[in-house]
2 protein chains.
Amino acid sequence: MNDRASTSIKASAPHRVRDATVNLAHGSGGRAMRDLIEDVFVSSFDNPTLAALEDQAVFALADLAAHGDRLAFTTDSYVVDPLFFPGGDIGTLAVSGTVNDLAVCGATPLYLSCAVVIEEGFSVDLLRRVAASMQRVALEAGVAIVTGDTKVVERGCADKLFINTTGVGVVRHDVSISARNARPGDVVIVNGCLGDHGAAILVARQQLALEADIESDCCPLNGLIAAMLDACPQIHCLRDATRGGVATVLNEFAQSSNVTIRLDEAALPLREQVKGACEILGLDPLYLANEGKLVAVVPADAAERVLAAMRAHPVGREAAVIGTVERNEAEANGLVVMRTVFGGQRIVDMLVGEQLPRIC
Amino acid sequence: MNDRASTSIKASAPHRVRDATVNLAHGSGGRAMRDLIEDVFVSSFDNPTLAALEDQAVFALADLAAHGDRLAFTTDSYVVDPLFFPGGDIGTLAVSGTVNDLAVCGATPLYLSCAVVIEEGFSVDLLRRVAASMQRVALEAGVAIVTGDTKVVERGCADKLFINTTGVGVVRHDVSISARNARPGDVVIVNGCLGDHGAAILVARQQLALEADIESDCCPLNGLIAAMLDACPQIHCLRDATRGGVATVLNEFAQSSNVTIRLDEAALPLREQVKGACEILGLDPLYLANEGKLVAVVPADAAERVLAAMRAHPVGREAAVIGTVERNEAEANGLVVMRTVFGGQRIVDMLVGEQLPRIC
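What you see is a predicted model; the values in this text were computed from it and never measured.

Reading the values: the criteria
- Residues numbered from 1 in each chain as written.
- Chains lettered and ligands numbered in written order.
- Predicted model: local features only at pLDDT ≥ 70, side-chain atom pairs only at ≥ 80, totals over all residues.
- Heavy atoms only, no water.
- Helix = DSSP H or I, 4+ residues; strand = E, 2+ residues; numbered from the N terminus.
- Rg over C-alpha atoms; globule rule 2.2 N^0.38 Å.
- Buried < 20%, exposed > 50% of the residue type's maximum accessible area, 1.4 Å probe, protein only.
- Areas by Shrake-Rupley, 256 points an atom, 1.4 Å probe, with all protein chains shown as cover.
- Lys, Arg positive; Asp, Glu negative; His and termini not counted.
- Charge placed at Lys NZ, Arg CZ, Asp CG, Glu CD.
- Expected span 1.5 Å × (residues − 1).
- Bend = angle between axes of the 7 residues up to and from the residue.
- Contact = heavy atoms within 4.5 Å.
- Salt bridge = Lys/Arg side-chain N within 4 Å of Asp/Glu carboxyl O.
- Axes fitted to C-alpha atoms, helices over the stretch in contact; angles between N-to-C directions.
- Parallel < 35°, antiparallel > 145°, perpendicular 65-115°, else oblique.
- Left-handed = near helix turned anticlockwise from the far one by under 90°.
- Domains from an automatic or database assignment.
- Buried area = accessible area lost by both parts, 1.4 Å probe.
- Polar contact = N/O pair within 3.5 Å; in protein donor to acceptor, adjacent residues only side chain to side chain.
- Nonpolar A, V, L, I, M, F, W, Y, C, P; charged D, E, K, R; others polar.
- Least-squares fit on C-alpha atoms with pLDDT ≥ 70 in both.

### So, the overall build of chain A
- The helix and strand inventory of chain A stands at 11 helices and 14 strands.
- Against the globule reference of 21 Å for 360 residues, chain A gives a C-alpha radius of gyration of 22 Å, in line with a compact fold.
- With respect to the principal axes defined by its C-alpha atoms, chain A has extents near 70 × 50 × 35 Å.
- Buried residues in chain A amount to 64% of all 360 residues.
- As presented, chain A carries roughly 12,800 Å² of accessible surface, and 49% of it is formed by carbon and sulfur atoms.
- Once the 30 positive and 45 negative side-chain charges of chain A are each reduced to a mean point, those two points are 2 Å apart.

Now the structure itself:
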C-alpha cells in the first residue's frame, strides 16, 4: 500500500481549497471534499498510508508483533470549548488524549484515525492550524495518523468542530496493568501538578474573574510511561486523570481492586494559581480534568525507582507520592479517604454531578 | 481481560438511568456517565471486553493472525438527518458503514469502537433504540463493539446525536484489492438497485412531494463480499458506493488505474420509485448515496462465477454487470463514459458540488 501511495503523491500536485470557510460541499463525498482532505489533512499528516486515500489503512501484523503480543484499541471524541486555549487546542488534545489512553495500558501507540465533524462556515485556516497541532503532537508521540473521515453539518447543527481520534497500539510483553491490580502496601504516584487543564479551560472561557496565568498540561505521556515501565514492569494500575480528575480514577482503582486508598492532602502537587481559582470558585482540584497527568499504583519497593525515572523525564519532573493502598479487614473497602491538612479525614467520592462541561 | 470482565458483570447489577433525557452530567466522567454507559451501551453491546469499562480493548495478536496477515483500520462519523428513516437508523448505518469499509479491502471485520456526541436533552429511550440497532447489525455482521466514548454537549451545540465508529479487521491472505487494479477487459458489477439510501433519506425529510415507498438499502456487506472472494480471490477493485454514489467510486477507479470505464445506462439496476423521484427532482441516481451497495471490477473470465455467487446471497440477488474497462491508446484515460438509453454518450464526472447534505 505504501509504495503505491508514494507514487500517487508524486503523480499529482495536491489540491488547495480556495474557499475561506468550509461549506456543505466539503462533506459531500465529491471533488470539494477531496480537495479539503488533500489540502488540510493529507498535507499536514504527511504519510503515504493516508495519502493513498483508500477507505482503510492496512498494516502487516508481523510489524505490529515486533512491539508485543496484544493489540490495544481505544476511541475518544473531543468537543472542547473553546477550541484554542492556553497550552493547547482541540488538535493537541485529540492526539494526546488517545495516545495516553493507549499508553496507560502499557501499549506502544502506533496508529491513529482522525474523523472530523465540521460546522458549515468554519474557517479553513483554523482547520489547518488544528491539523498542524495534531501532527506536531503525533510526531512527538511517534504515531502516524493513517486514516480519516470528514463530515460537514449545517450552521447551528454542531459547535464549530468536533474531532474523534481512535488509536491502535501494541501492549508490551512484560506488563499487566489493570484497575484491579492495586494491592495493600502499594504507593500512589502522580507525575505533577493537578487540575491545570480544567483551570486553563475555565480561564479561557472567562468564567473566572481572575486573570490567572494557567496553561493546560495537555501532552502525550507515552514517553514517560515507557520510562516508568522500564524502571518497573510490575506497575499495578495506571490511568490518565482526564474528565472526573484524579478522584474519579482513584475511586475506580479502589472499587475494582476492593481496597482503600489513603491520600495525604498536604502531598498533592498543586499550582498556587489553580489552588486559588479552586478556592474562589468552590471547585475541588481532585475533580478537575488533566490532559497530561497520570496516576500510578506501584509496589512499595519499586516506588523510589519509578519516581526517579519519572523525575528524569520532562513531563515527570514534579512527580510525587500522594497516597497509599490498604485493605481493611473489619470495614468496607472501595473507598478513597483523604487526610486533610487540618488533621481530619474526609471521603473523596466519585464525581456525581457535572463540574465542567466540554472540558475535552 | 475477558475473564475479569465476566466476573465484573456478575459482581454488580448494571446501573439504570432514571432520567428521561440526557443531561450534561451524563458526559462528565463521573457516576452519571457510568450509569448511562452501563444502561445503554454495555447492556446492548453485551460483551465482556466492553463491560470491563477499561479505556482500551485488548486482543491477542495471535487470535487476529488466524484471519490473515494484515490489519485493516478505518473510521467514519455518522451525522445522518433524520436519525430514523425507512429501512434503518443512525445505528444501523454506523455499524454497516464501518463494517463495509473493512470488508471492501478483503478484511474480515472483527472489532468496532463506538463514540457518541449527544445533544443535551436527547431522549434516553431513543439512545437505547439506536444502541439496540447497532447491536443487531453487529451480530448480523459478526463483529463486537468493544470500546467507546460518550460526550454530551449543550442544547444547540450538536444536532441530537452523532456517532463515530472505527473498525479493525484482518485482511485475507489471498486478496489484493485496490482502486489501482482495474485492467482493460475487466467487467464492472454492482450488487443491486442504486440510490435507495439517498432517495429514502429525501423521502424521510419530506423534501419530496412524492409519498414514495422507498427503503434505505443500509446493511452489512461482509457476508456477500466473503462469498464473492471465495468465488474469485482476484477481484481487482471493490468499494461500497456511499456518499457521492457509484459515479464517484467509478471515477476513482478510472483515475487510480488510468483506464476508461464504459457504463451502459440500460443496464443500471434502478427501482421505479427511485427513477421517478430522480426525474422529478433532477437528481442523477449515479450520484445518490447507497449504504448496502458495492461496485466490483473483476477479470472478465471470472464475471459469471462472481455474479452467480452474488445472486445466491440475500443482498446480491439483483446483481448486474453495468460496464466494462478499457484503456485508450490515443486519448486520455481516467474517465467514466456512459452509453445512454438514447444511443448517445456522456461523461459521468465526479460530483463537484453538494447533492444531499447529511446523508450518512
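### As for helix H2 (residues 31–45) of chain B
All names here are of chain B.
- For H2, which comprises 15 residues, the first-to-last C-alpha distance of 20 Å matches the rise-based estimate of 21 Å (1.5 Å per residue) to within 8%.
- At Glu-38, H2 shows its largest bend, some 40°.
- For H2, the tally of buried residues reaches 12 of 15 residues, placing the bulk of the element in the interior.
- Among the residues of H2, those classed as buried are Ala-32, Met-33, Asp-35, Leu-36, Ile-37, Glu-38, Asp-39, Val-40, Phe-41, Val-42, Ser-44 and Phe-45.
- Buried residues along H2 sit in contact with helix H3 (48–51), strand S5 (107–119), helix H6 (124–141) and strand S6 (144–153).
- One or two steps after H2, the chain reaches Asp-46, where phi turns positive at roughly 45°.

### Re the pattern of salt bridges
- Inspection of the entire model under this criterion finds 44 salt bridges over all chains.
- One salt bridge connects Glu-326 of chain A with Arg-262 of chain A, and the closest N-O pair in it is separated by 2.9 Å. Residue Glu-326 of chain A is located in strand S12 (residues 320–326), and its partner Arg-262 of chain A is located in strand S10 (residues 260–264); the two are separated by 64 residues in the primary sequence.
- What emerges from the salt-bridge pattern is a single network uniting Arg-34, Glu-38 and Glu-54 of chain A together with Arg-239 and Glu-252 of chain B.

### A word on the packing of helix H2 (residues 31–45) of chain A against helix H6 (residues 124–141) of chain A
Residues and elements named next belong to chain A.
- As a packed pair, H2 and H6 sit with axes 8 Å apart at the nearest point and diverge in direction by 25°. By the angle between their directions, the pair H2 and H6 is classed as roughly parallel. Where H2 crosses over H6, the handedness of that crossing is right-handed. Across the interface between the two elements, Leu-36, Asp-39, Val-40, Phe-41, Ser-44 and Phe-45 from H2 touch Val-124, Leu-127, Arg-128, Ala-131, Ala-132, Met-134 and Gln-135 from H6.

### Quick notes on the domain arrangement of chain A
All names here are of chain A.
- Domain boundaries in chain A define domain 1 (14–171) and domain 2 (187–347).
- Between the C-alpha centres of domain 1 and domain 2 the distance comes to 29 Å.
- Each partner contributes residues to the interface: domain 1 has 20 residues there, and domain 2 has 19 residues.
- Both faces considered, domain 1 and domain 2 share a buried interface measuring about 1,600 Å² in area, 63% of it formed by carbon and sulfur atoms.
- The largest share of the area that domain 1 buries against domain 2 comes from Pro-86, Asn-100 and Val-104, three residues that together contribute 33% of it.
- Remark: the boundary between domain 1 and domain 2 carries zero salt bridges.
- Linking domain 1 with domain 2 are five residue pairs in polar contact (both at pLDDT 80 or more), by the criterion used here.
- The set of elements that each furnish at least two residues to the side of domain 1 that touches domain 2 consists of helix H5 (90–103) and H6.
- No other element matches H5, which puts eight residues into the side of domain 1 that touches domain 2.

### Focus: the interface of chain A and chain B
- Facing the 81 residues of chain A at the interface are 81 residues of chain B.
- When the buried surface of chain A facing chain B is broken down by residue, Leu-61, Phe-73 and Arg-243 of chain A rank first, second and third, together holding 13% of it.
- The closest approach of N and O atoms between Arg-34 of chain B and Glu-252 of chain A, which form a salt bridge, is 3.5 Å.
- When its residues are assigned to classes, the side of chain A that touches chain B shows 38 nonpolar, 22 polar and 21 charged.

### Brief notes about the relation of the copies chain A and chain B
- Overlaying chain A with chain B gives an RMSD of 0.0 Å, the required rotation being 180° about an axis along which the chain moves by 0.0 Å. Between the two chains, the operation in question is that of a two-fold axis. Scanning chain A for the C-alpha nearest the rotation axis identifies Ala-158 of chain A, at a separation of 2.0 Å.

### As for the side chain of Ser-77 of chain B
- In this fold, Ser-77 of chain B is placed in strand S2 (residues 70–78).
- Note on Ser-77 of chain B: relative accessible area 4%, which makes it buried.
- Reaching out from Ser-77 of chain B, the side chain makes a polar contact with the side chain of Asn-164 of chain B at a distance of 3.1 Å.
- When sequence neighbours within four positions are dropped, the list of residues in contact with Ser-77 of chain B reads Ala-115, Val-117, Asp-149 and Lys-151 of chain A together with Ile-163 and Asn-164 of chain B.

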